Amino acid sequence: MFSLPFAMKARKTLSTCLRVKMPNKRTALITAFSLCLCGLVLPHKQGRAEVVKIDITRKDDFGTHDRIIGRVQFAVDPKLSANRIIADLDLAPRNRQGKVEFTSDLLLFVPKDARRARGTVFLEVVNRGRDQSLAIMSGAEQRDLSPESWVLGDGFLLEQGFTIAFLGWQFDVHPSQGLTFGAPIAPVRGVVRESYIAAPGRRSTGFFLKYCALDQSRRAAALTFRTRMDDMPQPLPRESWRFASDGCSVEVDRGLDIGLYEAVYEAEGSPVAGLGLAAIRDFASYLRYGPSGATLRENPAAQERVIGYGYSQSARFLREFVRDGFNGDERGRKVFDALMISSAGAGAGSFNHRFAMPGEAGNSVLSVLRPVDLPPFTDDGLLARAQAARVTPKIFYTFSSTEYWARAGSLTYTTEEGKKDVPLAATSRLYFLAGTPHASGVLPLGNATRTQPFRHFINFAEQRWAARALLLDLDAWVRNGTEPPPSRYPLIARQELVPFTGVRFPVAPSFPFATYMPQVWRMDFGPEYDKTRVITNEPPHLGAPYPVLVPQVNADGNDVGGILLPEIAVPLGTYTGWNVAVPQLNNLGYLGGLIGGFEPFALTREARLKRGDARLSIEERYTGRQDYLDRTKQAAEVLVRDRFMLAQDIRTVVQRAGEIWDAVVSLR
């Protein structure tokens, strides 16, 4: 392990500054339009600035809503207690009022008719600059990520009368990737680690760096190699590798072997990444509390409540958001009434520390040993600051099966030794969407994405129907106190949550059970990390791994203990939250990242017996296609009764069931 306590010095790294400061077409549009379309929304007073100005660059008719595209300008006071958690904020450049300034891209849909407005803002924390809710809840497929080109799928959120907001928060998102965020640079110097996995069949001689190496200290840098994540990194001879002339990539003379490479070096100029958390806080607060009649506050009745939504990376963002105390604004007011934290598992992210890498996700997807899976994991620690400040939001956590296999989901409600269940807070609910994957595949069946082949078919089960119903359940809980459906997730006490070695997976020779799963270690990033968010141990010192548990399965190999959506309640095969990438990286504990698996049942009893498959065949389960569709409809009606599906979606669910039947049966 290497720890490089470099001295700090004021200068900026060119590559980082370019990523954050580079002008783009969107910035030019804002400049051109700001004189006629911008609104000054809050004066500088009481030592607080927050949202300073909203520049509207475009306003369009979008049917029941107006679509607004613009840029939000913020300024925060580093001296206020609400902002002291932001890493390096006290070192950032300040304006004449002593505030730190930053900006975010905005995409907003506002109901035209106040009488049809729901009164709730649905604010999605975008994932690497783009939506997730529109794909998951509405089937939208974005082909162009410029804000004027986003499509809203079947328009579910519009039909329900939500005000819909998307705001940039991630400093390293390029305009071609979606909504951007402009963060100031703290003039600091420090240690950085860049990891690279060299996989079989992918021969290369080097890799790029997210932060460029400082010229005068390159000789002191180290490049290490290991074949297992918990091995001791072995340094390569310094003469066998080098930085490129600009310091922004590493080159190895003899090429890269299969395994994990880590460059540990010194860089300068760190974006104040934690201001992304402040941007979400302050914009949500403005929508809720801003002056009546000000820009975007022309109809306050449409914005009485604010629900925050995040999926995957942006759900981990929301876990960190509430953990670090951002649900209270600079005036101590509650920001989000409720949060829908979907598919985060136990993770937070590389969102608020020096030399942050917010796009990296943790070991399960080979973003190796980042400050992602760090305690506290359970509600008692996660919500402590919000509870103390009396700003606790109501929370719906949702898990796919993959969250247990690749995102350490069990840690969110078990003791650290994995022996007992820990209760959720009274303000929280957890819904496990059994058998669904984190990243869903499509029909017809396939075993490869655009960039990666897998051993098994990709799991195509959808979360859409439950996600739509649960959003309305959450809104009703906030709006009028309607008690939501009880949590539904696997428990140790019911023997539904077990070590993966205790899973009773059925015998299916074409679909052997996993022999390992990704691990999550206790990690030490240095003695000052918790207080300053400055990493001094790179890579971190590893302690014992946490015991991560997974759902038990039934005789079909399908998960128990959760909500059974139609594909799982009336199955045509085994749906898992895990798959196996090809080529396999078992030494690094990598399975299939966030991709799940699917293995169809045999068509006939004869075929099943011939191949030694313990799972009943399709002909042993259903009399035919219509019987399968009828049972799917019955399963959907049960979900509607339990408030996990909307009655209006039953017809579409049955139609999709027909497509699934045709896709699976046609394989034979």
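For the structure given in this document, a descriptive report is provided here. Note that the coordinates shown come from a computational prediction; the quantities given were computed from them, not determined experimentally.

What counts and how
Residues numbered from 1 in each chain as written. Predicted model: local features only at pLDDT ≥ 70, side-chain atom pairs only at ≥ 80, totals over all residues. Heavy atoms only, no water. Salt bridge = Lys/Arg side-chain N within 4 Å of Asp/Glu carboxyl O. Helix = DSSP H or I, 4+ residues; strand = E, 2+ residues; numbered from the N terminus. Buried < 20%, exposed > 50% of the residue type's maximum accessible area, 1.4 Å probe, protein only. Axes fitted to C-alpha atoms, helices over the stretch in contact; angles between N-to-C directions. Left-handed = near helix turned anticlockwise from the far one by under 90°. Contact = heavy atoms within 4.5 Å. Nonpolar A, V, L, I, M, F, W, Y, C, P; charged D, E, K, R; others polar. Parallel < 35°, antiparallel > 145°, perpendicular 65-115°, else oblique. Pairing = 2+ DSSP bridges. Core = buried A, V, L, I, M, F, W, Y, C linked by side-chain atoms within 4.5 Å.

Notes on the pattern of salt bridges
Piece 1. Going through the model one piece at a time under the given rule, you end up with 53 salt bridges.
Piece 2. Notably, a salt bridge pairs aspartate 154 with arginine 468, separated by 2.8 Å at the nearest N-O pair. Placement of the pair is aspartate 154 in the loop between α3 (133-138) and α4 (156-159) and arginine 468 in helix α10 (residues 464-480), with a sequence separation of 314 residues.
Piece 3. Look at arginine 468 and you get buried, because its relative accessible area is 4%.
Piece 4. One salt bridge in this structure joins glutamate 620 and arginine 608, with 2.9 Å as the shortest N-O distance. Taken together, the residues span a long stretch of sequence, with glutamate 620 in the loop between α13 (605-610) and α14 (625-641) and arginine 608 in helix α13 at a distance of 12 residues.
Piece 5. Residue classification places glutamate 620 among the partly exposed positions, given a relative accessible area of 30%.
Piece 6. Each member of the salt-bridge network shares a partner with another, and the members are Arg118, Glu304, Arg305, Asp475 and Arg479.

A look at the packing of α14 against helix α15 (residues 650-665)
Piece 1. It is at 9 Å that the axes of α14 and α15 come closest, and there the two elements cross at 145°. The handedness of the crossing between α14 and α15 is right-handed. Contacts between α14 and α15 pair Arg625, Tyr628, Leu629, Thr632, Lys633, Ala636, Glu637 and Val640 from the former with Ile650, Val653, Val654, Ala657, Gly658, Glu659, Ile660, Trp661 and Asp662 from the latter.
Piece 2. For the contact of α14 with α15, the residue count by class is 10 nonpolar, two polar and five charged.

Some details on the packing of helix α5 (residues 275-289) against helix α6 (residues 313-323)
Helix-helix packing is characterised by the crossing angle of the two axes and by the distance between the axes.
Piece 1. It is at 11 Å that the axes of α5 and α6 come closest, and there the two elements cross at 85°. The orientation of α5 relative to α6 falls into the category roughly perpendicular. For the pair formed by α5 and α6, the contact residues are Gly276, Leu277, Ile280 and Arg281 on the first element and Phe317, Glu320 and Phe321 on the second.
Piece 2. Class assignment for the residues of the contact of α5 with α6 results in four nonpolar, one polar and two charged.

Topic: the pairing of strand β2 (residues 50-62)
Piece 1. Relative to strand β3 (residues 65-76), β2 runs antiparallel, the two sharing 11 bridges. Bridge pairing in β3 places lysine 53 opposite glutamine 73.
Piece 2. What sits between β2 and β3 in their antiparallel hairpin is a turn of two residues, with glycine 63 showing a positive phi close to 70°.

Here we look at the sheet that holds strand β14 (residues 259-271)
Piece 1. One open sheet holds the four strands; their spatial order is β8-β14-β10-β11, and the pairing between them is antiparallel. The open sheet has two edge strands with one neighbour each: β8 (185-198) and β11 (234-235).
Piece 2. Note that strand β10 (residues 222-226) and β14 share five bridges and pair antiparallel. Bridging from a neighbouring strand, threonine 224 pairs with glutamate 262 of β14.

What to know about the nonpolar core
Piece 1. One finds Tyr265, Leu275, Phe283 and Leu296 to be the most contacted residues of the largest nonpolar core, which totals 182 residues.
Piece 2. Ranked by residues supplied to this core, first place goes to α10 with 10 residues.
Piece 3. The contacts of leucine 275, once residues within four sequence positions are left out, are Val76, Ile86, Leu89, Val100, Phe102, Phe181 and Pro184.
Piece 4. Counting 19 residues, the second-largest nonpolar core is a separate cluster that includes Met229, Leu374, Leu585 and Tyr590.

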